[in-house]
Structure formats: C-alpha cells, structure tokens
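Survey of secondary and tertiary structure
The chain contents come next:
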Amino acid sequence: MDSKGVAAPAVPEVALQSGNARPMPAVGMGTAAFPMVHENTKNAVLAAIEVGYRHLDTASLYRTEKPVGEAVAEAVRRGLVQSREEVFVTSKLWGSQCHPDLVLPSLRESLQNLQMDYVDLYLVHWPVCLKPGPPKVPNKREDALPFNFEGVWRAMEECQRLGLAKAIGVSNFTTKHLEKILAVATIPPAVNQVELNPVWQQRTLRAYCDAKGIRVAAYSPLGGQNWDGTGNAVLESPVLAEIAKARGKTVAQVSLRWIYEQGVTSIVKSYNKERLKQNLEIFDWELTEEDRLKISQITQKKIIQVESLFTPEGEFTNLQMEYVDLYLIHWPVCLKPGPLGFPNKREDALPFDFEGVWRAMEECQRLGLARAIGVSNFATKHLKKVLAVATIPPAVDQVELNPVWQQRTLRDYCAAKGIRVAAYSPLGGQNWDGQGNSVLESPVLAEIAKARGKTVAQELDDAAAASAVVFASRYVQEPLPRYELGRKSISKDAAYQIIHDELLLDSSPRLNLASFVTTWMEPECDKLILEGINKNYADMDEYPNRCVNIIARLFNAPLSAGETAVGVGTVGSSEAIMLAGLAFKRRWQNRRKAAGKPHDKPNIVTGANVQVCWEKFARYFEVELKEVKLREGCYVMDPDEAVQMVDENTICVAAILGSTLTGEFEDVKRLNNLLAIKNMRTGWDTPIHVDAASGGFIAPFLYPELEWDFRLPLVKSINVSGHKYGLVYAGVGWVVWRNKEDLPEELIFHINYLGADQPTFTLNFSKGTQIIAQYYQFLRLGFEGYRNVMENCMESARILREGLERTGRFTVISKERGVPLVAFTFKGRDTALAFRLSAALRRFGWIVPAYTMPANLEHMAVLRVVVREDFGRTMAERFLSNVQMVLDELDDEAKGGPVPRMRFTIELGPPARGAGEEASVKVVKRESVVAVHRSVSLAGGKTKGVC
Ligand code: NAP
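Everything numeric in this text was worked out from a predicted model, so none of it was measured. (Residues numbered from 1 in each chain as written. Predicted model: local features only at pLDDT ≥ 70, side-chain atom pairs only at ≥ 80, totals over all residues. Heavy atoms only, no water.)

**Notes on unusual backbone geometry**
For clarity, the cut-off: Helix numbering and strand numbering both begin at the N terminus, where a helix is a DSSP run of H or I of at least 4 residues and a strand a DSSP run of E of at least 2.
Look at the link from F34 to P35: it is a cis peptide, with omega at -5°. Tracing the backbone shows P35 in the loop between β3 (27-30) and α1 (38-51). Of note, the amide linkage connecting V137 to P138 takes the cis form, showing an omega dihedral of -10°. Its place among the elements puts P138 in the loop between β7 (129-130) and β8 (144-145).

Below you can see the structure in the form of structure tokens.
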C-alpha cells in the first residue's frame, strides 16, 4: 500500500464488520486542535502521512476537514501516497446537524471541505441533538433537543447507500444509545469512537461492542489535551511511567500498545513529527502479563463529559429522555409536600399510603415513563404491604448491602418474590454516620484482599461477578422444567448457557452427510438473516415474487418479457408438493365434473423411489398412489411402465429429477413423449409434475441441454428446494406452474388485512427470512456462481466415488450424472455390514445413513454420502481415510472376533438296546456359517429420515 520509496512502518489493519470501507488502520491521526491553525494542521497531516499514517480523523466541529483534504491532495502530488484511496478518512456529524433532513447536506458539506468524493467513515459525533446552526462548543443548555435516533440513523444509512460514506458509525455512544440504533438499523454501526485509555478502560462498552460486531476506536488515547483542566491522567500516571521505564518505551507508547492489545483502534493527536513517529512504534513489542495486570488496576477517571459540550449556565429544558429505566420509591417514608431537602423535621412525617402511592407508580410504568418500578430501603414488612396491593410487583429493592450489612433475610424474601436486590454503599458508603468506613477498614476483608493481590473494593466486585457466573449459580444444580412451565424466571445468561450446553450434544451439521440441506452460507448472508429474523415474510410479496420469477425463467417457463411467473415460496418441498398435487387434483376433478364423469377415485403415478412426502400427499388428500416398482440395476421410475399405469383417473405422473436414493435423474423427456402419445390415443390430458427438489438447481447449470423442465409441453409444475442446492439454510422451497391456467383460481385466497390485496396459495402462512437468503444467493452468485458451486460438488463426488471403489469393497450404484452424491453397497450386498459401517463412522463425527431400498429391492442396504457445497476435497479425503480405518477394524474383528458358528444336521436313531434306553444321535452334516455381527432391524417403507 505504501508508495514510491516511503518506508512507512506497517500499521496493522482491521476489517470493519459493516459497510464497504477498506480495512481501518489500527492507529489513526487525530486533528482536534483548538484553536485551529490551518497551516499547522495541513503540515502535521502531511508529516503524518510521510511517517506512515494512513488513517485521518476529522470532524465538522474541528474545522480541520479543509486542511486534511489539502494535505491528502498534496501527499498524492508529492507521491507520498499514490491516490486518495490509500488513506482512511473519518469525519463526523455534529449535534446541530443531527436532524434527519440535515444529515446528507452536512456530509456533502464535509466532502466539499475535504475535496473528496467519499469519506471512509462517517460518525454521529455525540448522541446529542442541538438546535440547527454552525457546529460549535460550548452550546446553550436550552438548545438541547430530543435525539431522533431512528430518523438520524436512517439518514446515515442513506449516506452509505449513496456511496458518500463507505461505512457509518457513532461516537460517544453508550450501550443504551447503541441499543436504540441497533433496534432500528438495517446497517449496523461499524465503529463507536469513544474516550478510551488506561485511565478510562470502558470494559463493559467494549464487551458489548465486541458482541455486536462494532469496532471500538479510542479517542484521547494519551489522556487528551487537558480538556478538563486537571492535567493529563495518562501521561502523568506513575503506573504507566514505571512500566514505560522497565520496557524502555515512552508512557505514550505504553498507553497506545495497551489499547492496541485490547483490539481497539487509537486515534492519537500529535502535530509533532517525532512524536507522530514514536506513536507508530508500538507493533514490534509486547506488554507483559504483569504490566497488563497493573494497568487493569489503575483507578478509573473519565475526562470528557457530555456536560462539557454546554455552558455551565442555563438549564436543560429537555433531558432528552422520554423515560427512566427504573423509578424507585426512595424510602418508605412520607413527608409533608414541599421542596426536596435533608434532614426533615420529625413533625413533617406522615402515614405512608402504600396502596395509593404504589397505584400511582404503576401508572408511571403503564404510561411508559418508567420502564420498571421498584422501591428502596424497604424492609420485608414494607414489601409485604406493597405486594398485597400491587398489580405490578416491584422489580427492585435498593438497600444498603455489603459484607458488614449482609441483609440475609431480606435477600431471601426478595429472591422468593422475584424482586432483584440492588446494593447501595457496597464499599461502606462515604462515612455517612461519621464513624469511618467499616467495610474498607475491615481487617477480615483486608486479609482476603492481601492474599488475592486485590484491593478490598475489587474483592467485593469479584465476589459479585462470581455469583453472576452461571456455573457458580443455583441453575446448574436445580432440575430443569422439561414438560411444565417453570414457576419462576431465570436469568437470561443461565437460560442461554443451559440450552447452549444441551445443543453441544448435537452432531456437527457439516459432518452430516445424510442431509441435502444447506449447512453453510456466507457470513454476509447470516447477517442478513439475523437482520430480518423478526420479520414475517408472509407480509411481503416483493422478494418471494422476484425469486419465483427467477426460478420460472431458469426452468424455461413460457413467459414473455415482463410477464409475471406463477408460483409460491413454501416452507420446503413437502408443502410445495402438497400444493402442486392439490392443483392437479382440482383440475382433474373439474374436467371430470364438466364431462359428467365420476371424480371420486383420483390416482397419481410415481416411482417407488419418491420421497415420503408424496405418500403423505396421497394419504392426506385421498389420492391413490400407484408406484412403479424398482428393479435390480434400475433404481428410478421406468417411464414406459409409468405410462402403462396411467388411466383416466390419473391426475398426473410425478417424475423425480434427482432420486433421493441414488441422485439419478429420471428420464422426463421420454415420459413426456410416451404420455403425449397415450393422451392423443385416449383423449385424456394427463400432465407431468417434476419433483426437482434436489436436481432443479443442478441441471440448469451442469446440463443445460437436458430437457426436463417447461420445455416439455406436458410438464405443468415443478417444485425445487431452496434449502438444498438452492444453497439456503433449512426452511425454503418453491413451486412454479407453467401458466396461470395450471393453478385453478378457486385454490387461491385473497386477503387484504395486511394492507393490500394479496393472493395466497399456501398451507403455511408465516414465512421466515430464508426468502431473503434465497434472494441473496441469486443476487450474489448469479448463473456463474451456481455453476461453479455445482461443478465443485461434482468434483468432490468424483473423488469420493473413486476412493470408495479403490477399497475394493463397494459397488457404487449412483450415476455420475445427477445429484452430487455417492450411493454404494457392500459387494455381495452384506446388509449388516452396511449398518455397522454407518454406526462406526459416527465415532469420527460423520453421519452417513444406511438404508434399505424400497419394495422389490428390500434386500439391498445402501450407504449414501451427499456432497454439499461445504464438503470439499480435504473433507472427502479425511472421510475416505476414516472409511478405510473402519473397514480394517471390521476385518480384524471378523478374523478373531465373533465365535464361528457351525450348523449340525442330526438324525435321531432308535435306542440302541431297546426301550428305556436313550435314542441314538448321528451327525449327518457339519457346516460352518458366515459370522453375523449383529442383528439389525431394518425399517421398511420410504427413505424416512434421509432426505
Ligand atoms: P490524545 O491523542 O490523547 O492526546 C493528544 C495530546 O498528547 C496532544 O497534546 C499531543 O501534543 C500529546 N502527544 C501526542 N503524542 C505524544 C507523545 N508521544 N508523547 C507525549 N505527548 C504526546 O488526545 P485527543 O486529541 O483528545 O484525542 C485524539 C483525537 O481523537 C482528537 O485529535 C480527535 O481527532 C479525536 N477526538 C474525538 C472526540 C470525539 O468526541 N469523537 C473527542 C476527542 C478527541 P502534540 O501535538 O504537541 O504532540
């Protein structure tokens, strides 16, 4: 990235998890300098670029956008960088610009100042909204307005969509503010820039941002520019000075290194070339564990407060808060109305109206002004009075609580009533009673603290944290409510951990070679799925509609340009098949009724290899299922036999493109031709449905010349699984019809309660976000991408097939053309061995089903490996070596293992010496019997769990 002869130190970069910005260098240069002198800034930025900075931080407030832009242009001219693209530029939206309609114009103004087409990152400077006007500090308190989080963020998103900001983010946002953004964001913030250094470490915020994929950037990494007039707590820190001395570094470098080690990006300001250089020399050495421990114990102090944006005079006429999270009754004490004061006259105490006051508290919560309500300094007897009248019980009782006042009874009572206890004065308070601090001065605590190398205060914090750890809580001891609703709530961490742990026992989906269902998608798509997870896609028809049209055209539906295809998104192929079957049944009935013929004995013709959902369709919708039997060497429906089975009551013939058993494509073209002749001869109109659940997303890409779809005139509908080779996670299928006439109008319902007329023809109404995932795959992969994926799958299948054949033990029965899977039997058709191999492979994590074939071929036990997108060559090779290991073990076992069985044929002769003696026994035949390892009960019927 560095250009012509500039030996800049390599600054590591981090990819942002949102937006399209280039990776962000881990140290950036700050340009907040007051008063701002244009030339100083420009020269400092040029010097910074020269020594290796590729990340510049400015803001409309700093008025440094112009000199930053000029310096970058100059750097390009001088060849310090080859183009503006080499530099990561951040600017910020000031509070007076935080109005939805001012966001875009403000960014355009910043770009004008910078003389750039885009900024790499655009941040909301503060979660503070001010009356519109030029950016400045300080501001009048009365000028603060409520912040329109949703409106402002929507406008920020628009900036990114227009390409004017490659990524968007925030600054000075707490977790609460972030929550508000995340609740409405379609593009989550990429960065939160906050005050952060060893003296203000922001542990909670960092953990929150990590969990949400938001990168944290540290401003004032060296303690700032004496912003609060109390000096510099970082550069003057004795702890940091000691570490710096021991490491032979400066305090600034220790601070910046520590920040870097926390995974945070520093924005450091220096206008001095030497110091600029020094601040980048932090990547080739490390702090020790001991250094880190010392830094973690530095007393914390925040420098920049939101109040510093305002003049001390005046009032906030608007607190910018529409609610408090928790509203407490401070004491169970009622005083004569009057200004708040302390202490009060004893005569001013009045009886406390528990019922009346609590009713009013409940009203506060109902109105949304308090998210929760509670009490403080309430003893159990006070709580009882409240609980006796409450319709909303108190959420919290905040009381004095610490090791010298442990409140055991109250805690037990609150635990039983579901009231959370909050401890005030956890460190013993501020000498409230004038007798010193019995907590911090406790010899017992001091002794424990000394032994643990902690302060008394930390010891208390740690104790609290320890009880918050799920594994140290009662939840790991108590039995789970499995079949009844638990009486009480449990914490969200515990609920998560318990279920998470149970799920650990599930096998790894990617090693499950039984399933056709997608087990991997790109992280971007995972992100989209999460973004849409709270939406019901039944309410929208835009994306399903786009997908249906794409699929119908992929299957060569006879559509003119711009004509809308007929089809629906379904939960999976079962629903799709039920719908297609219903449409055929209804069309057939309508025709029969019109001709005055009986219409009560519909049948459907399929191969015996169809998925179980066809059996379900037949049973649920009272259609006779006529199956063409399979035979040795032919594991799919024979079209000649199928057409012979067709009669006047046949609603359709269902052909399979990609048999579940062997992956083979049935010959739909021959079926079409034979059926067309029969239809012509008989005057019937028997149509074809193609169950392309597996093959529908394979054939168009690998075998475009193969005619199986709407190019064949009798093919009236096709179903395909989005969640198989459509490359989407479980839960999406599709069915498309050739024409409108093929889907009888009376099956379509029209609903308008969602706002507009919406035709619906589904068994299941609500739909998940997989629809969006399907659209993502279409958009992302295009024809080229799908073809490449399918080619890779076929290649992995080839490697597998050849590897299995090389063992000399198997006969591969799947064809090379079809769905990328390998179905094989043991040579000699040893059924028990097939099941043993399947069971033994589980030891390595592989799930490979062994199953018996349908009617006529029940004696065959087949093993099947489905090759999905995420099963590449390396996995195929590992799998083959595991198969070989199991085969060797089975051989060893057969040699020395089971006791050989012998079969004796005997003849009983008459007693040798007359009655009363035993009969004579003569062995007439002695033969050894093949060892049977284990008797296995073979499930009959269709391939129940394997599709
Ligand atoms: P900072 O980077 O922590 O500290 C800068 C001060 O330290 C300057 O006075 C600088 O003076 C000095 N310095 C730099 N390197 C040094 C070294 N190696 N040894 C000794 N002293 C050194 O403070 P900051 O300016 O507050 O924060 C950095 C940047 O973050 C700002 O410039 C701005 O871009 C951004 N920021 C953002 C926000 C926000 O609300 N988002 C708030 C504050 C700051 P010299 O210039 O003389 O070297």
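**Overview of the packing of helix α19 (residues 573-594) against helix α20 (residues 612-620)**
Condition: To obtain an axis, a line is fitted to C-alpha atoms, over the contacting stretch when the element is a helix, and the angle between two such axes runs from 0 to 180 degrees between their N-to-C directions. The scheme is simple: roughly parallel for angles under 35 degrees, roughly antiparallel for over 145, roughly perpendicular for 65 to 115, oblique for anything else. Each helix crossing is assigned a hand: it is left-handed if the near helix lies turned anticlockwise from the far helix by less than a right angle, otherwise right-handed if that turn is clockwise. The contact rule is simple, with two residues in contact once any of their heavy atoms fall within 4.5 Å. Note that Gly is not counted as nonpolar here; it falls among the polar residues with everything else outside the nonpolar set of Ala, Val, Leu, Ile, Met, Phe, Trp, Tyr, Cys and Pro and the charged set of Asp, Glu, Lys and Arg.
Contact pair α19 / α20: the axes reach a minimum separation of 9 Å and the direction vectors enclose 45°. Taken together, the axis directions place α19 and α20 in an arrangement best described as oblique. Judged by the sense of rotation from one axis to the other, the crossing of α19 with α20 is right-handed. Counted together, S574, I577, M578, G581 and L582 of α19 and C613, W614, K616, F617 and Y620 of α20 form the full contact between these two elements. The class makeup of the residues in the contact of α19 with α20 is seven nonpolar, two polar and one charged.

**Remarks on the site of the ligand**
Where we set the bar: Note on terminology: near, applied to a residue and a molecule or strand, indicates that one of the residue's heavy atoms is within 4 Å of it. We define a polar contact as two N or O atoms separated by no more than 3.5 Å, with the added condition that, inside protein, one atom must be a possible hydrogen donor and the other a possible acceptor, whereas residues neighbouring each other in sequence contribute only through side-chain atom pairs. Throughout, the Shrake-Rupley method with a 1.4 Å probe supplies accessible areas, and for residues the shown protein chains are the sole cover considered.
Taken together, 29 residues are adjacent to the ligand, and D57, S220, L222, Q225 and S270 come closest. Taking P221, its main chain carries an N or O atom lying 3.1 Å from an oxygen atom of the ligand. Considered on its own, the ligand offers 910 Å² of accessible surface; in the complex 87% of this is hidden by protein. Grouping the constituent residues of the shell around the ligand by class yields 12 nonpolar, 13 polar and four charged.

**Observations concerning the pairing of strand β25 (residues 733-737)**
Rules: Accessibility here uses a 1.4 Å probe with only protein chains present; expressed as a share of the type maximum, an area under 20% marks a residue as buried, one over 50% as exposed, and anything in between as partly exposed. Any two strands with at least two DSSP bridges between them are considered paired.
Burial runs high along β25: five of the five residues are buried. Both faces of β25 are covered, namely the face carrying G733, V735 and W737 and the face carrying W734 and V736. Strand direction decides the pairing type here: strand β19 (residues 566-570) and β25, joined by five bridges, are antiparallel. Directly across from V568, in β25, lies its bridge partner V735. Where strand β24 (residues 715-721) lies against β25, five bridges are found, and the strand directions are antiparallel. The partner of I718 across the bridge, within β25, is V736.

**Points about the pattern of salt bridges**
Using the following cut-off: The rule for a salt bridge is simple: a side-chain nitrogen of Lys or Arg has to be within 4 Å of a carboxyl oxygen of Asp or Glu.
A full pass over the atoms with the stated rule returns 49 salt bridges. For E522, the salt bridge goes to R780, with nearest N and O atoms at 2.7 Å. Separated by 258 residues along the polypeptide, E522 in the loop between α16 (492-503) and α17 (523-531) and R780 in helix α24 (residues 770-806) bring together distant segments of the chain. Looking at E522, the relative accessible area reads 17%, which means it is buried. The residue E746 makes a salt bridge to R586 at a minimum N-O spacing of 3.8 Å. In this pair, E746 is assigned in the loop between β25 and β26 (749-751) and R586 in helix α19, connecting sequence segments 160 residues apart. By relative accessible area, E746 is classed as partly exposed at 43%. Taken together, the shared-partner salt bridges connect E150, R154, E157, E158 and R161 into one network.

**Some details on the sheet that holds strand β17 (residues 396-400)**
Sheet architecture is open: four strands sit in the order β13-β16-β17-β18, paired in parallel fashion. Both edges of this open sheet fall to β13 (327-329) and β18 (420-424), since each of them pairs with a single strand only. The average angle at which neighbouring strand axes cross in this sheet is 30°, direction not considered. Pairing geometry for β13 and strand β16 (residues 373-376), over three bridges, is parallel. The partner of L328 across the bridge, within β16, is G374. Those strands touched by helix α11 (residues 354-366) are β13 and β16, and its axis lies near 135° from that of β16.

**Examining empty space enclosed by the protein**
Threshold: Both cavities and pockets are sets of points on a 1 Å grid over the protein atoms alone; in a cavity a 1.4 Å probe fits but cannot get out, in a pocket the set is open with protein on both sides within 12 Å along at least five of seven lines, and lining residues sit with an atom within 4 Å of a point. Grid points are joined across faces, edges and corners, and a volume is the space filled by probe spheres set on the points. Domains are outlined according to an automatic or database domain assignment.
In the structure shown here, the tally under the stated rule is one cavity of 30 Å³ or more. In this structure, the largest cavity occupies an estimated 70 Å³ of space. Around the largest cavity, the lining residues are F516, T518, T519, W520, K724, Y725, L727, R868, E869 and D870. Classifying every residue of the lining of the largest cavity by side-chain character gives four nonpolar, two polar and four charged. Looking at the lining of the largest cavity, you find at least three residues from each of domain 3 (534-558 + 569-764) and domain 4 (786-895).

**Some details on the sheet that holds β19**
Pairing is mixed in the open sheet, where seven strands are placed in the order β19-β25-β24-β23-β22-β20-β21. The open sheet has two edge strands with one neighbour each: β19 and β21 (624-628). Neighbour-to-neighbour, the strand axes of this sheet turn through a mean angle of 20°, independent of strand direction. Those strands touched by α20 are β20 (603-607), β21, β22 (650-656) and β23 (688-691), and its axis lies near 150° from that of β21.

**Comments concerning a nonpolar patch on the surface**
Stated formally: Only residues whose relative accessible area exceeds 30% and that form no salt bridge are eligible for patches; like-charged ones are grouped when within 9 Å, while nonpolar side chains (Val, Leu, Ile, Met, Phe, Trp, Tyr) are grouped when within 5 Å.
There is a patch of nonpolar side chains on the surface, built from W331, V333 and L335 and spanning about 270 Å² of accessible area. Its place among the elements puts V333 in the loop between β13 and β14 (334-335).

**So, the side chain of N377**
For N377, the location among the structural elements is in the loop between β16 and α12 (380-389). Polar contacts involving the side chain of N377 include one to the side chain of S376, which spans 3.3 Å. Excluding residues within four positions of it along the chain, N377 makes contact with H330, W331, P332, H382, D397, Q398, V399 and Y424.

The quantities given are spatial measurements derived from coordinates; they are silent on function.
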